[in-house]
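# Structural characterization, general
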Amino acid sequence: PYVFWALAIGMLISNTFGTPAWLQSAARTEFYIKTGLVLFGAEILLGNIWKFSGYGIAISWLVAPTVIVMMWLFGTRWLKMPNKPLVMVLAAETSVCGVSAAIATGAACRAKKEDLTVAVGIGLIFTVIMMVAMPPLAKWLGMTPILAGAWLGGTIDATGAVAAAGKAMGPQAEAAALLVKMIQNLLIGAVAFVVAIFWVSKVERDANARRPSIMELWHRMPKFVIGFVLASLIASIIASTEAGAPFLKSITSQTKQLREWLFCLAFVSIGLESNLKDLARQMTGGKPLVLYLFGQTANVVLTLIVAWLVLGGKIFPLPPELVKP
């Protein structure tokens, strides 16, 4: 698929002569992927999002907090890492949503810039590996597209990489992957809020420190999720009439092309930001890498178990087709 060629071209530039300065300002991964996701909302009717939300909440909101706690205990008690902010940033980056979760949590636990660099660097290396390796693994395991997409969305760190991996398995897998990841994104604000309270009351125990307000949840919530739901709502209203259905199809045929180009630019940008030599230098010492591997392994296994329980068709009814053929 084109997504892997886009990634390969970006990484080829970054790891040979380096990303030129004039091009760095255009490598806006977050902007491209979030704009594309808002457009993607028009392709999934709100009713299907609502019917799938329970599955996504079970997969995202059960596993992510569990992995954060496991990584915190493993890093501070087993590995005895003295840099506790780094442990927490790595835990959030691994279990929630990559860079965005790392930045939000880093601010909550007063992490240094170096801590963010290490966490994001490690995550970026394995994001690239997972987005390439997990789709063929899911096919080899015989997963249904929706089950595979949910597994990809709950484990791969970056939203752009989730889109790439899901797209490699078809539209149903892509939709399920992105829905799970966006539901997981909603945890960013809550995790940062809880970490801030935990830090000032337990880790540093500073009685004079400012307590975070409930508005932190709104400030840190990813706003593109609102745009995605609004686009889906508008599309659902249009599709509810007899004349609206073909009209919506003509609109989404155009927005889909624009979305594909935005995703393509996002994947090229991921490659342009992935310099393997620089990232390898950030993993000196070994313990951050061990912590990440422990957490990501737990994340992959637990997400697969929960996704199979809710989407395997043995216990709960299967969700609807998320995207019309």
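Above: the structure in question.
Source: prediction; values computed, not measured.

Looking only at helices and strands, one finds 15 helices and zero strands in the protein. Dimensions along the principal axes, computed over C-alpha positions, put the protein at roughly 60 × 45 × 40 Å. Out of the 325 residues belonging to the protein, those deemed buried represent 53%. Nonlocal contacts in the protein, meaning residues at least 24 apart in sequence, comprise 81% of its contacts between residues at least 6 apart. Per element, the accessible surface of the protein, about 15,300 Å² overall, is 71% carbon and sulfur.

On the surface, M215, W218, I226, L230, L233 and I237 cluster together to form a nonpolar patch covering roughly 550 Å² of accessible area. Among the elements that line the nonpolar patch, the one with the most residues is helix α12 (residues 224–239), at four residues. Along the chain, L230 turns up in helix α12. Judged by its relative accessible area of 46%, L230 is partly exposed.

This part takes up the nonpolar core. By size, the foremost hydrophobic cluster in this structure holds 95 residues, and its most contacted members are F52, I59, V96, I156, F267, L291 and L311. No other element matches helix α5 (residues 84–108), which puts 13 residues into this core. When neighbours within four sequence positions are excluded, L291 is seen to be in contact with M71, F74, G75, L79, M81, V87 and L90.

In the structure shown here, the tally under the stated rule is eight aromatic pairs. Taken together, a centroid distance of 6.5 Å and an interplanar angle of 55° make the contact between F40 and F228 tilted. Separated by 188 residues along the polypeptide, F40 in helix α3 (residues 29–40) and F228 in helix α12 bring together distant segments of the chain. In terms of burial, F40 and F228 fall into one category: buried.

About the thresholds
Residues numbered from 1 in each chain as written. Predicted model: local features only at pLDDT ≥ 70, side-chain atom pairs only at ≥ 80, totals over all residues. Heavy atoms only, no water. Helix = DSSP H or I, 4+ residues; strand = E, 2+ residues; numbered from the N terminus. Buried < 20%, exposed > 50% of the residue type's maximum accessible area, 1.4 Å probe, protein only. Contact = heavy atoms within 4.5 Å. Areas by Shrake-Rupley, 256 points an atom, 1.4 Å probe, with all protein chains shown as cover. Patch = residues over 30% accessible without salt bridge, like charges linked within 9 Å, V, L, I, M, F, W, Y side chains within 5 Å. Salt bridge = Lys/Arg side-chain N within 4 Å of Asp/Glu carboxyl O. Core = buried A, V, L, I, M, F, W, Y, C linked by side-chain atoms within 4.5 Å. Phe/Tyr/Trp six-rings, centres within 6.5 Å; stacked < 30°, edge-to-face > 60°.

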